[in-house]
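Structural features, examined
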Amino acid sequence: MVAQLTQPAESPASSSLGKRGINQPTPLGSAAARRWELLRIARQMTTRKSMRTCGLFAADGVVKVKRNERGHASVSGVHTCGSKLCPVCQSRDAAAQLAKLERAASKLMDGAGCAVFITLTLPHQHGDDLGELLDHLQAGWNASFSGRGGKLWKNAGRTHYLRALDYTNGQNGHHPHYHAVFFFSKVLSTEDLYWLELDLRTRWNRSIKRSSGRDCAVQAVKVDLVCGEGGTEKVVRYAGKALTGVMLESLWSQGKTLGGRTLWEILAGAETRTRDELLWKELEDGFYKRRWLVTSRGLLDLGEEEDELDPTEEDELDPTDDPTLVELSQSLWVAINRARLVGVFLTHFETREQNPKRFAVWDELCAMSLVAHDVKWADWLPGSHRLCEPQES
């Protein structure tokens, strides 16, 4: 019996990673300010020592706040952890990878090339161990694209590929899955794509059945062909959703109300909901030392460029070309984070034209922190009674 194959999409642009969402919190400011607010929560929830101090301490004791061309606040001069579960560090890495991918995709799809989008999922239910599900995913990938399976794709003209690990959590518990982009040196025919998908479905279903004991649904494998004008943009959009898990803007998007919750939605709720706090600890254990992005050798090298990343692509870490709005002492910066005001703090710098009085309060406080030592800054933060009192001589 031949497995039912994916129906051709009306348009490759309609490829989606699914609708996601929960009851969204009130937005603070830009996505950059929200990321720093999420990092504050992550420091409280994490069991990783490196993340507990991420973004808090500066080598020279001075923290710089800048604003890029899009008006987004940025923080530089602080030590970072580099974790993929860190909302700030992960965003920085994803932005750099996407910039390289866009340049690489434009070269690979120029002319006769094409790309194939592949989504791979597996059966899961509430109570499943995340680590075991990730092991099943990896086993399925190895069975499908190594050995004879891999040669089949190479013989069809595959030149490069990337694979991104994505995650949601819903009624059926953990839902890790892969999103992959395969680049080809020629445009595949409908017949070529049919046989490739049939072989992939056979190998994937057999491997998942062998490792997990469960049968895959028809939706476990989804394949879409992308070629022609606009192909590069579609590749970047598709890969970008997976690489950023999704970009944190989705957390505050009012239009996404269905489907599972993302990593960042779970983290946002971990501060007030015990269930999300426990779930976040499961995620840290399950994703420990897992590879979120895998590419063929040389793919990202195609996207290397001598010039620095365009300033509009950069976000909130070390934007050296952006003008410095203010400098503040490390002790004040730590106090702001501990007082849960980092999102508000950055938002007021982003909206200084709209709220000049609020900006002036923070600006004066930052300037004072550079010359005043041995001060308990928590007593001077906005909302504190000391802020309204005259400063002692």
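Look a little higher up for the structure.
Residues numbered from 1 in each chain as written. Predicted model: local features only at pLDDT ≥ 70, side-chain atom pairs only at ≥ 80, totals over all residues. Heavy atoms only, no water.

Comments concerning the overall build of the protein chain
Definition in use: Each helix is a run of DSSP H or I of at least 4 residues and each strand a run of E of at least 2, with the numbering of both proceeding from the N terminus. Three exposure classes are used, based on accessible area relative to the maximum for each residue type with a 1.4 Å probe and protein chains only: buried under 20%, partly exposed in between, and exposed over 50%. Any pair of residues with heavy atoms lying within 4.5 Å of one another is described as a contacting pair. Only the protein chains shown count as cover for residues, and all accessible areas are computed by the Shrake-Rupley method using a 1.4 Å probe.
Looking only at helices and strands, the protein chain features 13 helices and 8 strands. The burial tally for the protein chain puts 51% of its 393 residues in the buried class. Put simply, of all contacts in the protein chain between residues at least 6 apart along the chain, 76% involve residues at least 24 apart. Taken as a whole, the protein chain presents about 19,100 Å² of accessible surface, with 48% of it coming from carbon and sulfur.

Remarks on helix α4 (residues 130-145)
To keep it simple, the criterion reads: A helix is expected to span 1.5 Å multiplied by its residue count minus one. Counted as a polar contact is a pair of N or O atoms within 3.5 Å, where, for protein atoms, one must be capable of donating a hydrogen and the other of accepting one, and residues adjacent in sequence contribute only when both atoms are in side chains.
An ideal rise of 1.5 Å per residue puts 22 Å on 16 residues; α4 measures up with 23 Å between its terminal C-alpha atoms. Of the positions making up α4, those classed as buried are Leu130, Gly131, Leu133, Leu134, His136, Leu137, Gly140, Trp141, Ser144 and Phe145. For α4, the elements touching its buried residues are β3 (114-120), α5 (148-155), β4 (158-170), β5 (173-184), α6 (190-212) and α9 (274-286). A distance of 3.1 Å separates the backbone nitrogen of Gly131 from a side-chain oxygen at the start of α4, and that oxygen is part of Asp129. Two residues or fewer after α4 comes Gly147, characterised by a positive phi angle close to 65°.

Things to note about the sheet that holds strand β2 (residues 73-76)
Which entries qualify depends on this criterion: By definition, two strands form a pair when at least two bridges between them are found by DSSP. Fitted lines through C-alpha atoms serve as axes, helices being fitted only where they are in contact, and the angles separating the N-to-C directions of these axes extend from 0 to 180 degrees.
As summarised here, the arrangement of the 3 strands in space is β2-β1-β8, forming an open sheet in which the pairing is antiparallel. The sheet terminates laterally at β2 and β8 (324-329), the two strands that pair on one side only. Neighbouring strand axes in the sheet, compared pairwise and without regard to direction, differ in orientation by 25° on average. One ladder, built from 5 bridges, connects strand β1 (residues 62-67) with β8; its direction is antiparallel. Across the sheet, the residue bridging to Lys66 is Thr324, located in β8.

Concerning unusual backbone geometry
Not every positive phi belongs to a glycine, and Lys289 is a case in point at roughly 65°. Positioned with a positive phi, Arg340 is a non-glycine residue whose angle comes to about 60°. Structurally, Arg340 is set in the loop between α11 (330-338) and α12 (342-350).

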